[in-house]
Amino acid sequence: MIEEIRNKAKELLETKTVDCVIGYEPATDNLTSRPVFIYEPSQVNRLIFDETCVHNLSKYLINRRYKPTGIVAKPCDTRGINLLLNEKQLRRENLFIIGVVCSGIRKVRFNQIENSMPTKCQYCSQHTPVIYDFLVGEPVTEAPTHNYSDITEIENMSPAQRKAFWSEHFDRCIRCYGCRQVCAGCYCYECFGDELDPLWVGIRIAPGENWVWNTVRAFHLSARCIACGECEHICPVNIPLMLVNRKLEKDTLHLFDFEPGIDTEIVPPFATYKKEDKLGTGE
Amino acid sequence: MTKVITKEDLLSWLRQLAEKYAIIAPVTSNGVTLYKSVGSSEIDKINLNFSKTELSPKNWFFPPSETLFTIVKDELPRIIPASVDREAILFGLRPCDAKGIALIDKAFLAEPADVFYQEKRDKTTLIGLACLSPCLECFCTSVGGGPADLTHLDILLTETAEGYITQATTEKGKQLLTGAPRQEKEIIPPVLPSLNLILAEGITELMPRVFNDAYWDRVADRCIHCNICAYVCPCCYCFDIRDYVSKGKIERVRSWESCQSPGFTRLAGGYDPRPTKGAHFRQRWYHKLLYFPPIFGDIKCTGCGRCVRSCPVNIDIREIITDVQRMKV
Ligand code: SF4
Ligand code: SF4
Ligand code: SF4
Ligand code: SF4
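Residues numbered from 1 in each chain as written. Chains lettered and ligands numbered in written order. Predicted model: local features only at pLDDT ≥ 70, side-chain atom pairs only at ≥ 80, totals over all residues. Heavy atoms only, no water.

## Considering the site of ligand 3
- Around ligand 3, the neighbouring residues are B:Cys223, B:Ile224, B:His225, B:Cys226, B:Asn227, B:Ile228, B:Cys229, B:Gln260, B:Cys311, B:Pro312, B:Val313 and B:Ile315.
- In terms of residue class, the shell around ligand 3 is made up of nine nonpolar, three polar and no charged. (Near = heavy atom within 4 Å. Nonpolar A, V, L, I, M, F, W, Y, C, P; charged D, E, K, R; others polar.)

## What about the site of ligand 4?
- Neighbouring ligand 4 are 14 residues; B:Cys233, B:Cys301, B:Cys304, B:Gly305 and B:Cys307 lie closest to it.
- Partitioned by chemical class, the residues of the shell around ligand 4 number eight nonpolar, three polar and three charged.

## Looking at the nonpolar core
- Counting residues in hydrophobic clusters, the biggest one holds 153 residues, and the most contacted among them are B:Trp13, B:Phe91 and B:Trp216.
- When residues no more than four places from it in sequence are discounted, the contact partners of B:Phe91 are B:Leu10, B:Leu14, B:Ile24, B:Ala25, B:Pro26, B:Tyr35, B:Ile46, B:Leu48, B:Ile127 and B:Leu157. (Core = buried A, V, L, I, M, F, W, Y, C linked by side-chain atoms within 4.5 Å. Buried < 20%, exposed > 50% of the residue type's maximum accessible area, 1.4 Å probe, protein only. Contact = heavy atoms within 4.5 Å.)

## Points about the interface of chain B and chain A
- The partner chain A presents 35 residues to the 42 residues of chain B that form the contact.
- Counting the surface lost from both chain B and chain A, the interface buries some 3,300 Å², and carbon and sulfur atoms represent 57% of this.
- On the chain B side of the contact with chain A, B:Asn30, B:Ile224 and B:Tyr244 bury the most area, a combined 17% of that side's loss.
- For the interface between chain B and chain A, the tally reads three salt bridges.
- Across the salt bridge formed by B:Glu251 and A:Arg204, the nearest N and O atoms sit 3.0 Å from each other.
- Taken together, chain B and chain A are joined by 20 residue pairs in polar contact (both at pLDDT 80 or more).
- Elements with a minimum of two residues in the side of chain B that touches chain A: strand E3 (32-38), strand E4 (65-73), helix H8 (228-232), strand E11 (239-246), strand E12 (249-256), helix H10 (306-310) and helix H11 (317-327) of chain B.
- Classifying every residue of the side of chain B that touches chain A gives 18 nonpolar, ten polar and 14 charged. (Buried area = accessible area lost by both parts, 1.4 Å probe. Salt bridge = Lys/Arg side-chain N within 4 Å of Asp/Glu carboxyl O. Polar contact = N/O pair within 3.5 Å; in protein donor to acceptor, adjacent residues only side chain to side chain. Helix = DSSP H or I, 4+ residues; strand = E, 2+ residues; numbered from the N terminus.)

## Description of the pairing of strand E1 (residues 2-5) of chain B
All names here are of chain B.
- Pairing analysis gives three bridges linking E1 to strand E10 (residues 183-185), with the strands arranged antiparallel. Note that in E10 the partner of Lys3 across the bridge is Glu184.
- In the sheet, E1 pairs with strand E9 (residues 163-168) via two bridges, with the strands oriented antiparallel. When the bridges of E9 are listed, Val4 appears paired with Ile165. (Pairing = 2+ DSSP bridges.)

## Focus on the domain arrangement of chain A
All names here are of chain A.
- Partitioning chain A into structural domains gives domain 1 (2-136) and domain 2 (149-271).
- Contacts between the two partners involve 23 residues from domain 1 and, on the opposite side, 29 residues from domain 2.
- Both sides together, the interface formed by domain 1 and domain 2 hides about 2,100 Å², and carbon and sulfur atoms give 51% of it.
- Contact with domain 2 buries area across many residues of domain 1, yet Lys59, Arg79 and Tyr123 alone supply 30% of it, more than any other trio.
- Linking domain 1 with domain 2 are one salt bridge, by the criterion used here.
- Across the pair Arg224 and Glu87 runs a salt bridge, and its minimum N-O distance is 2.7 Å.
- Put simply, domain 1 and domain 2 have 16 residue pairs in polar contact (both at pLDDT 80 or more) between them.
- Elements with a minimum of two residues in the side of domain 1 that touches domain 2: helix H2 (75-86) and helix H3 (119-122).
- When its residues are assigned to classes, the side of domain 1 that touches domain 2 shows ten nonpolar, nine polar and four charged. (Domains from an automatic or database assignment.)

Pasting the structure below:
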C-alpha cells in the first residue's frame, strides 16, 4: 500500500504533473502521524499510511488552489474535495487525488493510540473514495447505510436535559476556533466569528457567546459538513461536536435526501430552491 | 526526620481551607482535566493522580475572558473596576506551570503593572505537586526547570508511600503550612524521574541568523493557525480588548488572542505586516525564543509539552529548537 503511494507520488513529482504531494509522515512520538508536504521526488520515502492517519488533508488544498497538487485522501477526505469542487473553491485540473480505500482508522492523540475507532468511523459506510485519480486498495461495493442512534438519544432528551447536556460542553469552549481552522468547509475570508461590523458574536469567552459560536458554526455547515470528524478530534477540551454536525446531517438527509460531498455535480439544497422542499423538521 | 502530611489529612486540611479561601484544583470530567474552583464539599473531586491538565493554571490569573471595569451612567459616569473578593489557593500545580506563571509575571508585573492581573496574583498562594511520572512530551529539565523545582511555588508537596513531603519556600507558604496537620517521619525521598533532553542552550543567539530561512515556510505548510498552542500554553499571554455597550453601561472586556489567529496583525485597510503563512507562523517561535529572553532573562517556554500534545498537526517545539540548532548558519 505504502509503496504504491510513494511510487505514485514520485512519478507525479518527477513528471511535474504536480509540484507538491500532500500526505502523511510519522509524528515526533514515533507512533502516530502528521501531515506532510512533499516537494522533491527524493523525499517520497517520508510518506506513510496507516491507521493513525486521521487528518483530513483536503483543507490544505484551499491554499494551493492555483497550484497543481497531489493529495492522499481517505473516503471521508474525498468528500471534502467534492465539497470544495462543488462550491467552486478548487479546480479539478489542478488536483491529482490518490484515493485510499479505508475501513476505519483508530482514535489517536499524541503518543496514544486507542483500541477504538473515532465517532466518524463508527458511523461511516463509505469505504471507497468518492473521487480519485488513482486508487490504492480494492474498492468496496457496499450499499451505504445510515445509523443515527447517537442522535436519537439526544433527540429523546427533554429540552431541559438537552440544554443541560450542551451547557456542560459548550461552557468549557475556549473559542480557539480550532474547529473552524481545521474544517474543509470553513474557508470564508472573514468568518462571522471575527467580523466586527456587523458584530455577530462578542469576543467574550463565556457561555452566551460560546453558544452562539458553536451553534452558528454548525449551522454554516449544515448540508455541507462531510463528517470527517476533524473538529471533534482536535477540540482541546473534548467537546462532542460531531453530535451537532450529525444532527444537521440527519435532518438534511431526511428533508432533502441529500448527502454533502458524495457527488461533485448535484446542487446542494441550500444553494437552490424547490417548491416541493419540505419546511421545518416537524413534518 | 521529614515533615509529611497523609492524603486524608491533606484533603481535610483543604476542606478546612476552603471555608476561607477559594480553592482551585485539578478536576477531571468529560475526559478532560482542568483547574476548577472546588468548594469544601467538593474536595473529594480533586484529582491527585493527574499527569498534566489540558489547560494551564494561567486561566486563574489571566482568564479566557474578564471584565476589566464597568462604566455606568449616573449623573456622572462612574468607573467600577473589577475586584477579587476572596484570597485563593491554586492547588496541585506542576513545577513547570508555576514557572509559566512566573514568566507571565515578568511581563504583566513589570512597571506599569497590569493591575487586574496583579490583584489576583497577590491574593493567591501556589501549592505545587512534584511530578513523579512526567509525560513523554515533557522537557522541563532542558529549559531550566525540573520535576520537583520549587523556585516559583509557595509550597511543594512530594508524594511518598508515607504521605506528602511538605516544603514551604516563601513566607506566604510557611504561614499557610503552620495550620497543616503534619507528622515527623523517617522518609526516603522518591527518586525523581529523568526526562528526555533537547539542546535549548544557545537557541536565542541562533534565532536571528535563521530568520529568513525557507524552513519557516515549510513547517508552516501544515500549521492550521488554530490558536490551540497559545491557549494551552502556561506562558502565552496575548489578548484583545473590546467594549460591550448596552443601555446605560459599558463593560470593557479582555479575552485571549494569539499571534496564530488569522487576523492578528491585519491592520485597518487590510495591510498585514506578517503577510505570508510562514511569517505568521514564525512569530510564535521568535517571541518565545528570541524577543522575550533579552528583556526578561528567560526563554518563554517551561517545557510543559502542552503544545506538543495538543497541536492537531504535531508542530513540536522540541523539533523546532533541534532543527534550528542543526541549521547553525
Ligand atoms: S475546537 Fe473546541 S474549544 Fe476550540 S472553539 Fe471549537 S469547540 Fe471551542
Ligand atoms: S463558521 Fe461560518 S462564517 Fe465562519 S468560516 Fe465557517 S462557514 Fe465561514
Ligand atoms: S496548535 Fe499547531 S496547528 Fe494550531 S496554531 Fe499552534 S502550531 Fe499551528
Ligand atoms: S512546551 Fe509549549 S505549551 Fe509548554 S511552555 Fe513551552 S511553548 Fe508553552
